[in-house]
Amino acid sequence: MNDIEVENITKKFGDFTAVDAVSFTVAHGEIFGLLGPNGAGKSTLIRMMTTLLTPTSGSVRVHGFDVVESPNEVRKSIGVIPQAMTSDLTLSAEENMLIFARLYGVPGEKRRRIIRELLEAVQLSDWAQKPVRTFSGGMRRRLEIARGLIHEPKIFFLDEPTTGLDPVSRVAVWEMIDRLKRERDLTVLVTTHYMDEADKLCNRVAIVDHGKLVALDSPMKLKASIPGKNTLEVSFSRVPPGWLDTLKRLPEVATVTPSDNVFRITTNNGPLTTVKLFEAAREAHADVASLSVQSTTLDDVFVYYTGRQLRDAVDEHAVYDISHIYGRR
Amino acid sequence: MNRILAIIERDLRMFKRSPALIFASLMLPLVQLVILGYAFGGNIKHLKVGVVDQDHGLEAIKVRSKLDAIEATAQTFTTQPYDDLQTALTDLRNGRLNGVINIPPNFTRDVLAQADPQIGLAVDNTDNFTASTLEGSLASLVNDYYRNGITPRMAPTIVLQTVELYGYTPYIQYFLPAAIALSIFITAMIGGGIMYIDDKARGVHEGYLVTPISKTELILGFTLSGAIKGVMAGVILMVFGTLIAGIPDPLNLWRLAKMFMVIVPTSIAFISMMFLMMVRTDDPLVPRSIFGVLNTLLFFPSGAIYPINAFPSWMHWIAIVDPFTYAIHGFKALLLKNTGFAAITGDLTFLVVFSLIMMVSATALFRRTF
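Thresholds, definitions, all that
- Residues numbered from 1 in each chain as written.
- Chains lettered and ligands numbered in written order.
- Predicted model: local features only at pLDDT ≥ 70, side-chain atom pairs only at ≥ 80, totals over all residues.
- Helix = DSSP H or I, 4+ residues; strand = E, 2+ residues; numbered from the N terminus.
- Buried ≥ 20, exposed ≤ 12 C-beta atoms within 10 Å, placed from the backbone.
- Axes fitted to C-alpha atoms, helices over the stretch in contact; angles between N-to-C directions.
- Left-handed = near helix turned anticlockwise from the far one by under 90°.
- Contact = placed C-beta atoms within 7 Å.
- Nonpolar A, V, L, I, M, F, W, Y, C, P; charged D, E, K, R; others polar.
- Domains from an automatic or database assignment.
- Parallel < 35°, antiparallel > 145°, perpendicular 65-115°, else oblique.
- Core = buried A, V, L, I, M, F, W, Y, C linked by C-beta atoms within 7 Å.

(A) Representation of the overall build of chain A within the structure. Looking only at helices and strands, one finds 12 helices and 14 strands in chain A. Based on the C-alpha atoms only, the size of chain A along its principal axes is roughly 80 × 45 × 40 Å. Out of the 329 residues in chain A, the part that is buried amounts to 42%.

(B) Region of the structure containing the packing of helix α7 (residues 171–201) of chain B against helix α10 (residues 253–278) of chain B. Residues and elements named next belong to chain B. The geometry of α7 relative to α10 is characterised by a closest axis approach of 9 Å and an angle of 35° between their N-to-C directions. You can see that α7 and α10 cross each other, and the crossing is right-handed. On α10, the residues touching A181, I184, F185, A188, M189, G192, G193, Y196 and I197 of α7 are I263, T266, S267, F270, I271, M274, F275 and M278. Taken together, the residues that form the contact of α7 with α10 break down as 13 nonpolar, 4 polar and no charged.

(C) The domain arrangement of chain A, seen in detail. Under the domain assignment used here, chain A contains domain 1 (4–219) and domain 2 (227–295). A straight line from the C-alpha centre of domain 1 of chain A to that of domain 2 of chain A covers 41 Å.

(D) Geometry of the packing of α7(B) against helix α9 (residues 215–245) of chain B. All names here are of chain B. It is at 8 Å that the axes of α7 and α9 come closest, and there the two elements cross at 155°. Regarding the angle of α7 to α9, the classification is roughly antiparallel. Here α7 runs over α9; the crossing is right-handed. Judged by residue contacts, I172, Q173, L176, A179, I180, S183, I184, T187, A188, G191, G192 and Y196 of α7 engage F222, G226, K229, G230, A233, G234, L237, M238, G241 and A245 from α9. Residues that form the contact of α7 with α9 fall into these classes: 12 nonpolar, 9 polar and 1 charged.

(E) Broad picture of the nonpolar core. Core analysis: the largest hydrophobic core is formed by 84 residues, its most contacted members being A181(B) and F331(B). Per-element accounting of this core gives the leading share, 13 residues, to α10(B). Setting aside residues no more than four positions away along its own chain, F331(B) makes contact with P177(B), I180(B), A181(B), M259(B) and V262(B). Core analysis: the second largest hydrophobic core is formed by 72 residues, M48(A), I81(A), L124(A) and M195(A) among them.

What follows is the structure in C-alpha cells.
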C-alpha cells in the first residue's frame, strides 16, 4: 500500500477548476515534489490531501484512510507545514510546540522530551524560551517543521517551505528536511515553485500547470525525457533574416525557442553546437553578444511540456493568497 | 501637486472597493440617528404601578378612576391592584413594579373632613427618570384633584407622600451596570471577533485545522477563552466601578459573588453571539466595521442609559432579544437595590438560553473543511 494515493482528483470553485483529474501515488520513504508556478493548483492539491478542502470528485487516501470518510484518522497520521507562517508570534518556541502537542494528544510525560529533541533537531534549542516574534523567517520555518513532527507522524506535507526565505536559510531547510526524513523514516510531499528545490530534494517530481499533471518522474528521468542534454542561451548583436531557421539547422540542435532577444537552443552536444554557432554568426556578420551553456534543468522540462518558462510563470515575491479558497476571487 | 493627487486617487479608489468600510462610515451614524433619536425623544410610558387601596371609600374610588384615566390617555403607567402593601413593596424591590401607590385607610374621611389627606407613593429611585415621571404624574393628579370648575378660596389639597425606596442614586451609579456590560461586550468584540478574523485572514487557522481537533472542541475552546477574558473585564469594571461610583458597601462579598454569577453568563452570551456572527467571515474589515453599529444597536435600546419605557415599540422588540437588556437589568438589581436571586433568575435564564442558541447555531454553520 502506498502512503499517499490520489485518484482522479478534481476541485472546482464555482466555475473555476483549480485541480483537474490529477492522479499519482507516493510510496513509503519517498520525497515527492509537486512543482509548478503559482496558480497551478499545488496548494489546492495539498489542502485536499491534508483534509482542509474536500475534493469535488475523485479520492485521496493517506496512510490508508480516505480524507473525506476518515479525516480525523488522516490528521492524526500526518504532519503539515502550511504555506503561511502559522506559529504564534507572542508565544515562545516551546509554548507553540506545547499547544500543538496537546492538540495532537501527545501524553504529558512524553511532551517535554519530544519538544527538546525536536528543537535540537532543527537547531533551535537555544531559542526555546524566546518569543517567535524575535525569530528570522528561516528560524520560524524550522520551528514549524519541528512543530509538525510533534506527534511523530510518518507522512509529512510541506507547502512551499522555503518561499520567502534567503538562500542560506533555504539550504538549511532542505538539509533539515532530508536529515529528518532519513532519521525518522518519513514520507515527504513538498509543493514548490523552485526548480532547484525540486531537483535537489525530491526523489520524484510531478509537474503541475493549470490544475493538470503534465509530467511525473524522477528529476533525472524528466530531464532525460526531453530532447537535448544541454541548453544554450544566446543573444546576438543583430538578428539576420531567417536566423531562426539557420539556428535550427546547426548540428545536434533539438529545439530553438526565441524569447525577447534571447534564443534558447536545446542540443544533444553543447560544445559542438557552440562551435558551429560561432562560425555561423561570423559568416552572417552577427556577433554573439552573450552566451551561456548549461545542462538541462527542470525549467527546460517545464518549457517543453507547457510552452512557458517556469521562472516567467512565477512571481518572484510569492504572495500568500488563499482568498479563492474561501469564496472570494 | 500631481503627487498629492496620486495619493488621493489611490486612497479613494481603495475606499470605493471596500464595501465594509463604506458601510461602517454611513451605517453607524444613520443607526445612531434612528436609535438615539427615538431613544431620547420619547415620554416614559407603560410603567408598572401597584395600587393598594386600604380605604375602599368614595374618594379612594375617585382616585382610582383618575389613575385609570391616566392609564387610558397618557399611558404613563398601567395599574395593578394589590391587597396588601407589603406584597406590593416586595414586588417593587424585586423590580416587578416601578412604583406603589398606597391609599391609606380613612382616606375618604380625611378628604371630606379636609384633615390632611395623604396618598403614599413609593418609587424605585435607582432609576431617577421613571421615579420623577411617576412623581410628576401623581403630583398633577393630586394638584388637579379638586378641579371641577369650582375654585374655592382656600384650595384644599391632598398631600402626596413620596417615599424613595433607596438612597439617592446619582447617575454615575445608574450607569455603572451599563459600563460593566459594555466592558464585557468590547472584550468579546476585540478579543473575540477581531482577533479571530485577523488570524483567519492570515491563514493561521490552517495550522490547527490540520490537527484532529473537532468543530465542537474548537468552538467551545474559543467561546470559553473569550468568555474568560470577558469575565476578567467585567470583574475589573465591577470592582473599580463600584468604588469610583460610590456604591455603598462596595466590597460586599456576597453581592460581588452574585454579580459574578451574572457576569459569567453575560460573557458567554456576548462571545457566542460574536462567534456566530464571524463564523462565515474572513474579511478583517467586517468585525471592525460592524463594531460601532452593533454597539449602538444593542447598547442603547437595552435601557442602559435611559429607561426602555420611553422607547417606541419597535425598540422594545430589540430590547427583548438583546443580551444587554438582561445583563444590565441583573446588574442594576444587584448593585443598586442589593436584591437576592429572585430579581435576577429571569435574566440568568435568558442569558443561558441565548448562549446555547448562539453556540448551537455557530457549530452548525462552522465549516471545518471547504
